[in-house]
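Each chain is listed here by its residues.
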Amino acid sequence: MQKTGPTLDNALSAGDGRYAIVAARWHAELMDALITGASEALSSRGAKESQIDVLRVPGSFELPLACDQAAQSGKYVAVIALGVVIQGETPHHDYINMSVAQGLMQAGQKSGIPILFGVLTCHTMEQALDRAGGKVGNKGEEAALAAIEMVNLLRTITGN
Ligand code: RBF
């Protein structure tokens, strides 16, 4: 498998906080693969099932609001946004992608809780398959590992 993502320090643990996986419903099979990748990554770093909530939204456009609320709820140490946006015949996907990226970034900055961008923005279905457990890896898994890294980093910075 081609390795394009970061390599996480193996010693990092998910800790005992709770993680929210906020997942869009569009492109269900790809989404299942991303959710599984994220959940397994959290479990492999010591998170119990009770520490992982999977919250569904209709489509990727709805991710920022749900992630914002999850981050502000005080229940979670990190929020992992997962979605699949595949280019169609109109520029619709451009509007979705820009809104989601900006919305998630703003939500993260507002709450101070890491919000991870696990949204595939692909031209073709093949590109999406490659990134949802195919030859370019699983971006859900990578987003979850990035969440763990950020949780540990914030702990180091704040001393909590
Ligand atoms: N949501 C996705 O998560 N992925 C998509 O590829 C996607 N494509 C869409 C294409 C069109 C033309 C429209 C109208 C919506 C699409 N959505 C997609 C849904 C969108 O994120 C949102 O749920 C709806 O627009 C309702 O706000």
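Analysis parameters
- Residues numbered from 1 in each chain as written.
- Predicted model: local features only at pLDDT ≥ 70, side-chain atom pairs only at ≥ 80, totals over all residues.
- Heavy atoms only, no water.
- Pairing = 2+ DSSP bridges.
- Helix = DSSP H or I, 4+ residues; strand = E, 2+ residues; numbered from the N terminus.
- Axes fitted to C-alpha atoms, helices over the stretch in contact; angles between N-to-C directions.
- Contact = heavy atoms within 4.5 Å.
- Near = heavy atom within 4 Å.
- Polar contact = N/O pair within 3.5 Å; in protein donor to acceptor, adjacent residues only side chain to side chain.
- Areas by Shrake-Rupley, 256 points an atom, 1.4 Å probe, with all protein chains shown as cover.
- Expected span 1.5 Å × (residues − 1).
- Buried < 20%, exposed > 50% of the residue type's maximum accessible area, 1.4 Å probe, protein only.

**Q** Just checking my understanding: could you explain the sheet that holds strand β1 (residues 19-24) for this structure?
**A** Hydrogen bonding along the main chain pairs the strands of a sheet, whether they run parallel or antiparallel. Judged by pairing direction, the sheet is parallel, and its 4 strands sit side by side in the order β2-β1-β3-β4 without closing on themselves. This sheet does not close on itself; its edge strands, each paired only once, are β2 (52-57) and β4 (115-122). Here the average twist between neighbouring strands, direction ignored, is 15°. With 5 bridges joining them, β1 and strand β3 (residues 78-86) adopt parallel strand pairing. The residue bridging Ala-23 from the neighbouring strand is Leu-82, located in β3. The sheet contacts of helix α3 (residues 92-111) involve β3 and β4, and relative to β4 the element is tilted by about 170°. Helix α5 (residues 139-158) rests against β1, β3 and β4 of the sheet, and its axis sits at about 155° to β3.

**Q** Looking at this model, I keep getting lost on the environment of Gln-72. Mind explaining?
**A** Its location among the elements puts Gln-72 in helix α2 (residues 63-72). Considering only alpha carbons, one finds Gln-72 and Leu-116, 44 residues apart in sequence, at a separation of 15 Å. Here Gln-72 is in contact with Lys-110 and Ser-111, once residues within four sequence places are set aside.

**Q** Looking at this structure, how should I read the site of the ligand?
**A** The full set of residues close to the ligand is Trp-26, His-27, Gly-59, Ser-60, Phe-61, Glu-62, Val-84, Val-85, Ile-86, His-92 and Ile-96. Here His-27 contributes a side-chain N or O atom positioned 3.1 Å from an oxygen atom of the ligand. One of the side-chain N or O atoms of Glu-62 is found 2.5 Å from an oxygen atom in the ligand. Here the ligand, which alone exposes 540 Å², has 68% of that area covered by the protein. Elements supplying a minimum of two residues to the shell around the ligand: β3 and α3. When residues of the shell around the ligand are assigned to their parent elements, the largest contribution, 3 residues, is made by β3.

**Q** Would you take a moment to explain α5 for this structure?
**A** Quick reminder: α-helices carry 3.6 residues per turn. Residues three or four places apart thus point the same way. Taking 1.5 Å per residue as the helical rise, α5 with its 20 residues ought to reach 28 Å, and the 28 Å between its terminal C-alpha atoms agrees with that figure. Within α5 the residues assigned to the buried category are Lys-139, Gly-140, Glu-142, Ala-143, Ala-144, Leu-145, Ala-147, Ile-148, Val-151 and Asn-152. Where α5 is buried, its residues meet β1, α1 (28-44), β3, β4, α4 (125-131) and β6 (137-138). Where α5 starts, the residue carrying a side-chain oxygen 2.8 Å from the main-chain nitrogen of Gly-140 turns out to be Asn-138. Where α5 ends, the next residue or the one after it, Gly-159, has phi of about 75°, a positive value.

Note that every value here comes from positions in space, so none of it alone points to a role or purpose.
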